[in-house]
Amino acid sequence: MNWREHLEVMDIPLYILPARLSGWYEEGAWVASPPCDIAELARKVRGKFPFVLQWAVYAPPSSLPLSEGEMESILCALERMIDEFLYSLSFYEKIAKNYRFMFSLCLVAYIIGLFSVNTWWFIWFRQPYLALTGIDNWARRRRFLRLAQCRLQTITQGQDPKRHEALSEVLDFFLTLSPGDPAYLEKIMGFLKTKEKTDSVFGEIRKAYENLKRREKDKSYLLKRIPHTSWTKVKRFFLGDLLLIPEVFTPFLCIPVRDLSFTLEAVEERYAQNRALQALQ
Amino acid sequence: MPKIELYKLFNKSGYTLFSPRHPFFAEERFAQYLRAFRGEETEIILHVEDKGKESFLTRLPPEFLTVEETSSGYAITPRKSAREVQEYLKNVFFDTLRKDDALLLEVQRHQDLFYHYGRFRFRGFYSILHRLFPILFIMHGIPGFQPMAWDMIIGDPYFEDRNFLEISRHYQQVSWGLESAFEDVTLRVVENHALRLLNDVVRQDRNGEGFVQAFRLAARLGLGFLKDFFWPATQATEKSEWTKFLRPPVPLAPWSDSQ
């Protein structure tokens, strides 16, 4: 970090949301999510580089609040997510740029052919699709590259009492839902929509939940990465030269965190109940 | 700043350091090494249960330093010199995280370079004949074929070679970053409540199945990646689900000589 350059601090709230994640590595965990997706985040930092990204954590009240290590691991996960995204975009762009440049020669050939000879139709056998190589990643890279101007990311406890209160209300509502409810996200969103009219903080929390909902609805990483349908194969053929330039997927800024309502005592009780049941049998 | 997270896990007989990392999607680590290449210093974040206990002398591993409590204070006997301890730690990282990533990096580099290595350059005597192939069309009354031919002969190999060079330069930078990432390292110790809960569960070792219980709780505590440690641990040391395959051996003959 260069201490002489003026760094603007971007304060982004990060909500710890009660949820029930279901992946292999996150079963039953809650989620940490900002009230914006990565595209909005990139839009927010427009014209503000270089900058420091400061995540302010807001969590519902708990008997065992998030420790320093857990906050640090959330920060690491966010940093890694953004870094990997920018890294892949720049790497594939290096190759795609060459392919697109290859088309410029092809274009010259077309023009020469058009103006010079009568039998020029052969040159259409050149590869016109090279013009489109990696154009989707190119557009994405233009939008997100300003995130690379981030010099440092930090994480702190949020200081706004309104947001803490709003989250405790959300937790109260979450605890009224039955634990096996498959539509719990929709119910929370409904609750937040009604609350949003009185307080805009609930609107922010709803946006953070929307992030999570988008992630839950999305296909698995492997299914997205491997072009397994004919349509994706055709699309990837035209956008990348025969799958050499894969699509770079935009990350959802959702990090699994500890279930803050969880205590070991509840588990102990369950064990005691099980033992009692076994004794009865 | 490139960061390496380490978790100090209780493994019933002592402690193990575990680093969360995907076994084959290594892009996120390559991105970190590229940062190291640009001169950023690596930070190792050690997650422990209790910071206060960690700083206590008697918690140090006895092969480095023996600490005994005497009536007047502590008797400290160093077993290794500072240099040896440094070498030991360096080897630990070289044999685990660094070696693993260096292998993945080589594999990835060769996979990516394979498609671009001389893709439009056909080597050998016959390549000359093949390169002159468009001449046939040009000489037989289709001069419009010329621009296409020059593209194929000059343009394509040129840009493909540039691709090859771009990719090899990129991976060269990542591997330099990999080398420098483990040179200058700062250590930060942080306290993790979720880790303490999990270690307590293993320590309690209810029914001799501490690992499997920690395995079940890990994801809910936000440490789902520790499943990769607890699952092999429970299968190797506790009641395993694979024991159902352990059958008494089938005799080769219905009677044996000893009978």
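The rules we used
Residues numbered from 1 in each chain as written. Chains lettered and ligands numbered in written order. Predicted model: local features only at pLDDT ≥ 70, side-chain atom pairs only at ≥ 80, totals over all residues. Contact = placed C-beta atoms within 7 Å. Helix = DSSP H or I, 4+ residues; strand = E, 2+ residues; numbered from the N terminus. Nonpolar A, V, L, I, M, F, W, Y, C, P; charged D, E, K, R; others polar. Buried ≥ 20, exposed ≤ 12 C-beta atoms within 10 Å, placed from the backbone. Pairing = 2+ DSSP bridges. Arc of directions from axis to C-beta.

**Some details on the interface of chain B and chain A**
Right, on to step 1. Listed as interface residues are 40 residues of chain B and, on the opposing side, 44 residues of chain A.
Right, on to step 2. Secondary-structure elements contributing two or more residues to the side of chain B that touches chain A are β1 (3-10), α1 (27-37), β3 (42-48), α6 (145-181), β6 (185-191) and α7 (193-204) of chain B.
Right, on to step 3. Per element, the largest residue contribution to the side of chain B that touches chain A is 12 residues, and it comes from α6 of chain B.
Right, on to step 4. For the side of chain B that touches chain A, the per-class residue count stands at 19 nonpolar, 10 polar and 11 charged.

**Looking at the pairing of strand β2 (residues 30-33) of chain A**
Residue and element names in this part refer to chain A.
Right, on to step 1. Of the two faces of β2, the one holding Trp30 and Ala32 and the one holding Val31 and Ser33 are both buried throughout.
Right, on to step 2. Where strand β1 (residues 8-17) lies against β2, three bridges are found, and the strand directions are antiparallel. Residue pairing across strands places Tyr15 opposite Ser33, the latter belonging to β2.

**Some details on helix α9 (residues 227-237) of chain B**
All names here are of chain B.
Right, on to step 1. Taken residue by residue, α9 has Phe229, Phe230, Ala233 and Thr234 as its buried positions. Summarising the axial view, the buried residues of α9 lie within an arc of 115°, below the 170-degree limit, and thus occupy one face. Turned more than 90 degrees off the buried face of α9, the exposed positions are Pro232 and Ala236.

**Description of unusual backbone geometry**
All names here are of chain B.
Right, on to step 1. Despite not being glycine, Lys12 has its phi angle at roughly 80°, a positive value.
Right, on to step 2. Within the fold, Lys12 resides in the loop between β1 and β2 (15-18).
Right, on to step 3. The class for Lys12 is partly exposed, based on 14 C-beta atoms found within 10 Å.
Right, on to step 4. One non-glycine residue, Asp205, adopts positive backbone phi at about 50°.
Right, on to step 5. Tracing the chain through its elements places Asp205 in the loop between α7 and α8 (210-218).
Right, on to step 6. Residue Asp205 is classed as partly exposed on the basis of its 15 C-beta neighbours within 10 Å.

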